[in-house]
Amino acid sequence: MKNMMPSGGLGRKNQSTENRFEHAQRYQQSRQQAWIVFGAQADLPFLRLLKAGFRHCYVLIHDGRYWMTVDPMLHYMDVRVHYDIDPAFDFPAYLRAGGYDVVPASIARHGRKAAILRPFSCVEVVKRYLGIRHPFILTPWQLRCYVQKQMRHAAAGSFSHTLPTSQEISHG
């Protein structure tokens, strides 16, 4: 009878499979666009202590084929793939028209370094998904300010790169 065990036996990782998985994961992440959606709803009394308009947040993701949402609630996690929404539909604009504050966000993966252990909250889930490691971002408003600051730095830095010389351009 032929041995059906993967090479290396149980518990060992197949290096080429792991590399293919990591490559596929990086490719998929490079195609993803993400937005943070901020809302004003305050179903629980203690949420009314947070800044108006910034009492909840979740992630909106588009991978080119599907729209997805990761919406952490206090009592459950709502993760959806919206198969019924056309990939070309401007979902962020639709949410903005509905009164939500929707801001683009970048997805940063920091290797295999463990994230800091924090209490479960909508902000912490959004930070984990996007790879934000700032430990003192605790509220949706603080997250909004952080992302806005990052966007300003990215916009300012987009022209700060050294331009190539004419010799570099002509020699390819």
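What counts, and where the lines are drawn
- Residues numbered from 1 in each chain as written.
- Predicted model: local features only at pLDDT ≥ 70, side-chain atom pairs only at ≥ 80, totals over all residues.
- Heavy atoms only, no water.
- Salt bridge = Lys/Arg side-chain N within 4 Å of Asp/Glu carboxyl O.
- Helix = DSSP H or I, 4+ residues; strand = E, 2+ residues; numbered from the N terminus.
- Buried < 20%, exposed > 50% of the residue type's maximum accessible area, 1.4 Å probe, protein only.
- Polar contact = N/O pair within 3.5 Å; in protein donor to acceptor, adjacent residues only side chain to side chain.
- Phe/Tyr/Trp six-rings, centres within 6.5 Å; stacked < 30°, edge-to-face > 60°.

Visitor: Just checking my understanding: could you explain the pattern of salt bridges for this structure?
Guide: Two side chains that carry opposite charge are able to pair once their charged atoms sit near each other. Per the stated rule, a full pass over the model turns up 4 salt bridges. Ionic pairing is found between Asp-101 and Arg-144, a salt bridge with its closest N-O pair at 2.6 Å. Here Asp-101, found in strand β5 (residues 101-105), pairs with Arg-144, found in helix α4 (residues 140-157); they are 43 residues apart in sequence, far enough to count as distant. Residue Asp-101 is classed as partly exposed on the basis of its relative accessible area, which comes to 22%. Here Arg-144 falls in the buried class, since its relative accessible area comes to 13%. Between Glu-124 and Arg-128 there is a salt bridge whose closest N-O contact spans 3.4 Å. With Glu-124 and Arg-128 both in helix α3 (residues 122-130), this residue pair falls 4 residues apart, about one helical turn.

Visitor: What am I meant to see in the environment of Gln-32 here?
Guide: With respect to the helices, strands and loops of the structure, Gln-32 is situated in the loop between α1 (15-31) and β1 (33-39). The class for Gln-32 is buried, based on a relative accessible area of 17%. When the C-alpha atoms of Gln-32 and Ser-106 are compared, they prove to be 9.1 Å apart, with 74 residues separating the residues in sequence. Of note is the side chain of Gln-32, whose polar atom sits 2.9 Å from the side chain of Tyr-129.

Visitor: What should I look at first to understand the packing of aromatic side chains in this one?
Guide: Ring pairs (aromatic) are described by centroid distance and by the angle formed between their planes. Under the counting rule described, the total for this entry stands at 6 aromatic pairs. Each ring, one from Trp-35 and one from Trp-67, has its centre 5.4 Å from the other, and the planes form 40 degrees; the classification is tilted. With Trp-35 in strand β1 and Trp-67 in strand β3 (residues 67-72), this residue pair connects regions lying 32 residues apart in the sequence. With relative accessibility at 11%, the residue Trp-35 sits in the buried group. Ring centres of Tyr-66 and Tyr-83 lie 5.2 Å apart, and the angle between their planes is 80 degrees; on these two criteria the pair is classed as edge-to-face. A residue pair is termed long-range when its members are at least 10 positions apart, and Tyr-66 in the loop between β2 (56-62) and β3 and Tyr-83 in the loop between β4 (77-82) and α2 (91-97) qualify at 17 residues. Given a relative accessible area of 26%, Tyr-66 falls into the partly exposed group.

Distances and angles like these do not, on their own, reveal function.
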